[in-house]
Amino acid sequence: MMLARSTHWLLGLAFAAAVLLVGLEYLTVSGSLNPLYVVLAICGVPLLLVLTTERPMWLFPLAAALSPVVYAVSVAGAKVIVADIVVGCIILSLFMARPRSPLPAGASRIVRPFLILLGISVISLSVSGNAGFGIAKIVQRAEYLLLFLACASLLHDRAVIRRIVLAYIFAASILALLVLYFGFLHGAVSGPVQVLFLNKNGAGSFLAISVPMIIARVLSASPSHRRIWLALAGIGIIALLLTGSRGAWLGVMVALGVLMARRGGKSIAIYVGALLLLLLAIATVVPPSLTRAGDFTPSAQNGAANTILIRGVIWRDALNLIASHPVLGMGVGGYISYDTYNGDPINFNTNDPHNAILYMWAELGPLGLLVFLWIVYGVLWLGVRADRSTKGDPDHWIAEGSFIAITSYLVFALSEPIWVRGDGLIFFLLVGICANLQSPTKLDETTGGAQGAIIGTPSLGQFRAH
């Protein structure tokens with residue numbers, strides 16, 4: 001996909017404006033520019049400009065690899081992560097490509113309800129108590145839709161799809177090693193591991209996506225490569241345990257159950273047996289500070305730090321707010337619950353009930369909830385279709401792994417916020433991959449296939465040639 005030369009100066013101006021905004025923001029806040037951001041801007045802007053105009057397919061694996069790096073910089077008052085900038089370049093590539101590739105069959109199952117959700121969100125701004133935050137949420141959701149459209153329209157080369165998945169697994173494995181390092185450095189007995197700019201649930205969300213994909217690869221890898229993937233799976237599983245994110249644990253357990261159930265035969269019985277042994281090992285070996293099993297005992301239900309208690313309080317508040325706003329909801333960005341839990345000094349105020357269903361219902365009303373569930377159905381439908389369409393294919397593990405990774409994340413989102421920062425980006429990258437793998441149009445392994453023929457995107461061979 002080569003963009004017209006006349007667009008280069010427009011892209012250059014756009015990036016220059018972005019750098020200027022970052023500079024002005026830091027001048028305003030701290031009175032001086034951070035030299036690190038100056039160096040990154042000088043080195044990163046030309047590179048992104050070249051990739052966007054000359055090699056846009058390399059932006060997809062870059063976005064996947066950067067999605068766990070959720071450290072945010074302030075740009076004109078908004079918090080922007082580095083992967084957002086790369087996704088912005090992907091979206092520019094999509095809009096400036098001539099001609100564009102048609103969407104694969106089935107992609108409309110995501111696009112149609114997502115457009116309706118965005119419309120409902122815009123309308124709900126009229127009743128939102130925080131329109132500014134609501135606009136930010138709308139922009140974020142629009143970014144996810146455009147990322148999906150870019151994936152569905154441009155990713156027709158198996159080599160590029162493979163590169164995206166491997167880039168994410170590599171980045172998540174680095175994250176897992178960091179979790180292990182901080183866990184052993186501070187001692188796992190002290191409780192859930194915090195990793196740099198990620199809390200336990202933040203790290204858990206990315207590992208809950210990567211671990212199922214790695215295990216899917218273990219099951220299909222050749223004997224010579226299986227040991228490497230088993231090692232990566234072991235690192236990921238241990239790191240996942242060290243995060244102490246029980247929502248992520250549950251997501252992975254459900255996803256692997258779905259994986260084994262779909263394989264049929266004795267797989268599900270073997271999985272249930274292995275899971276019971278694992279749970280027994282966790283109960284006896286893993287420190288109670290990580291499992292926090294005491295949270296479930298009646299004597300712990302009055303503790304302000306009990307996350308089971310906290311979930312109960314904010315979910316109860318969400319149901320009360322839903323009852324108070326039964327038709328239109330509270331409006332996008334307008335969700336806020338005020339509860340001090342019988343005078344307890346802990347702050348229970350939150351702008352997210354940590355449950356995707358309650359959140360959409362409370363903010364956008366029953367219609368918004370139904371449209372959200374429509375999107376979820378479309379996502380799972382694409383995943384199942386991709387899994388079925390690639391049976392017997394060498395890359396079947398990518399479709400199978402993407403499907404169960406998406407399933408794991410959706411289960412995780414029943415106890416944590418959904419589609420925030422980088423986890424939303426990798427989620428829709430995987431959904432876009434499923435959309436292409438389920439399409440009856442055969443993807444070309446070496447020549448770019450429909451991609452090269454329709455939009456003139458350089459093939460893998462051309463990438464290497466350059």
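Residues numbered from 1 in each chain as written. Predicted model: local features only at pLDDT ≥ 70, side-chain atom pairs only at ≥ 80, totals over all residues. Heavy atoms only, no water.

Trainee: Residues and numbers for the overall build of the chain, please.
Mentor: Within the chain one finds 18 helices and 2 strands. Pairs at least 24 apart in sequence give 76% of the contacts found in the chain among residues at least 6 apart. Carbon and sulfur atoms form 71% of the exposed surface of the chain, whose accessible area is close to 20,300 Å². (Helix = DSSP H or I, 4+ residues; strand = E, 2+ residues; numbered from the N terminus. Contact = heavy atoms within 4.5 Å. Areas by Shrake-Rupley, 256 points an atom, 1.4 Å probe, with all protein chains shown as cover.)

Trainee: Outline the nonpolar core, listing residues and values.
Mentor: Within soluble globular proteins, side chains that are nonpolar generally end up buried alongside one another. Phe60, Phe114, Phe148, Leu155, Trp419, Phe427 and Ile433 are the most contacted members of the largest nonpolar core, which totals 114 residues. At 12 residues, helix H7 (residues 158-186) tops the list of elements feeding residues into this core. Ignoring anything within four residues of it in the chain, the contact list for Phe114 reads Arg141, Tyr144, Leu145, Ile375, Trp419 and Phe428. The next biggest cluster of nonpolar side chains, apart from the first, holds 8 residues, and it includes Ala318, Ile322, Met330 and Tyr335. (Core = buried A, V, L, I, M, F, W, Y, C linked by side-chain atoms within 4.5 Å. Buried < 20%, exposed > 50% of the residue type's maximum accessible area, 1.4 Å probe, protein only.)

Trainee: So, the packing of aromatic side chains: which residues are in play, and what are the values?
Mentor: Tallied over the entire structure, the rule returns 13 aromatic pairs. Measuring from ring centre to ring centre gives 6.0 Å for Phe114 and Trp419, while their planes differ by 20 degrees; the resulting arrangement is stacked. With Phe114 in helix H5 (residues 108-124) and Trp419 in the loop between helix H15 (396-412) and helix H16 (421-437), the pair connects residues that are 305 residues apart, well separated along the chain. The interplanar angle of 80 degrees and the centroid separation of 5.3 Å between the aromatic rings of Tyr181 and Phe182 together place this pair among those described as edge-to-face. Residue class for Tyr181 comes out partly exposed when judged on its relative accessible area of 49%. The class of Phe182 is buried, set by a relative accessible area of 15%. Linked through ring pairs, Phe114, Tyr144, Phe372, Tyr409, Phe412, Trp419, Phe427 and Phe428 together constitute an aromatic cluster. (Phe/Tyr/Trp six-rings, centres within 6.5 Å; stacked < 30°, edge-to-face > 60°.)

Trainee: Provide a residue-level description of the pattern of salt bridges, including the pertinent values.
Mentor: In this structure the tally under the stated criterion is 8 salt bridges. Taking the shortest distance from any N to any O, the salt bridge between Glu400 and Arg263 comes out at 3.0 Å. Of this pair, Glu400 sits in helix H15 while Arg263 sits in helix H10 (residues 246-263); the two residues are 137 residues apart in sequence, bridging distant segments of the chain. Residue Glu400 is classed as buried on the basis of its relative accessible area of 3%. For Arg311, the salt bridge is made with Glu416, and the minimal N-O distance between the two is 2.4 Å. Separated by 105 residues along the polypeptide, Arg311 in helix H13 (residues 307-324) and Glu416 in the loop between H15 and H16 bring together distant segments of the chain. Taking the relative accessible area as the measure of exposure, Arg311 reaches 16% and is therefore buried. Since its relative accessible area comes to 6%, Glu416 is described here as buried. (Salt bridge = Lys/Arg side-chain N within 4 Å of Asp/Glu carboxyl O.)

Trainee: Any details on the layout of surface pockets? Residues and values, ideally.
Mentor: Once rolled over the atoms, a probe with the size of a water molecule shows which space is left empty. Each pocket or cavity is described by its volume, and for the second largest pocket that value is around 1,100 Å³. What lines the second largest pocket is a set of 45 residues, and nearest its centre among them are Trp249, Leu250, Met253, Leu275 and Leu279. When residues of the lining of the second largest pocket are traced back to their parent elements, those giving at least two are helix H8 (200-220), helix H9 (223-243), H10, helix H11 (267-285), helix H12 (288-291) and H13. Ranked by residues supplied to the lining of the second largest pocket, first place goes to H11 with 9 residues. Considering only residue class, the lining of the second largest pocket consists of 32 nonpolar, 8 polar and 5 charged. (1 Å grid on protein atoms, 1.4 Å probe; cavity = no way out; pocket = protein on both sides within 12 Å on 5 of 7 lines; lining within 4 Å. Points joined across faces, edges and corners; volume = space filled by probe spheres on them. Nonpolar A, V, L, I, M, F, W, Y, C, P; charged D, E, K, R; others polar.)

Trainee: Explain empty space enclosed by the protein to me, using residue names and the numbers behind them.
Mentor: Using the criterion set out here, one finds 2 cavities of 30 Å³ or more in the structure. Computed from the structure, the largest cavity encloses a volume of approximately 50 Å³. Lys137, Gln140, Arg141, Tyr144, Tyr359, Met360, Ile418 and Trp419 are the residues that line the largest cavity. Put simply, the parts of the chain that give the lining of the largest cavity at least two residues each are helix H6 (131-154) and helix H14 (356-389). The biggest single contributor to the lining of the largest cavity is H6, with 4 residues. Classifying every residue of the lining of the largest cavity gives 5 nonpolar, 1 polar and 2 charged. Roughly 30 Å³ of internal volume is contained in the second largest cavity. Contributions of two or more residues to the lining of the second largest cavity are made by H7, H8 and H9. Across the lining of the second largest cavity, the residue classes break down as 6 nonpolar, 3 polar and no charged.

Limitation: the analysis is restricted to geometry and does not speak to function.
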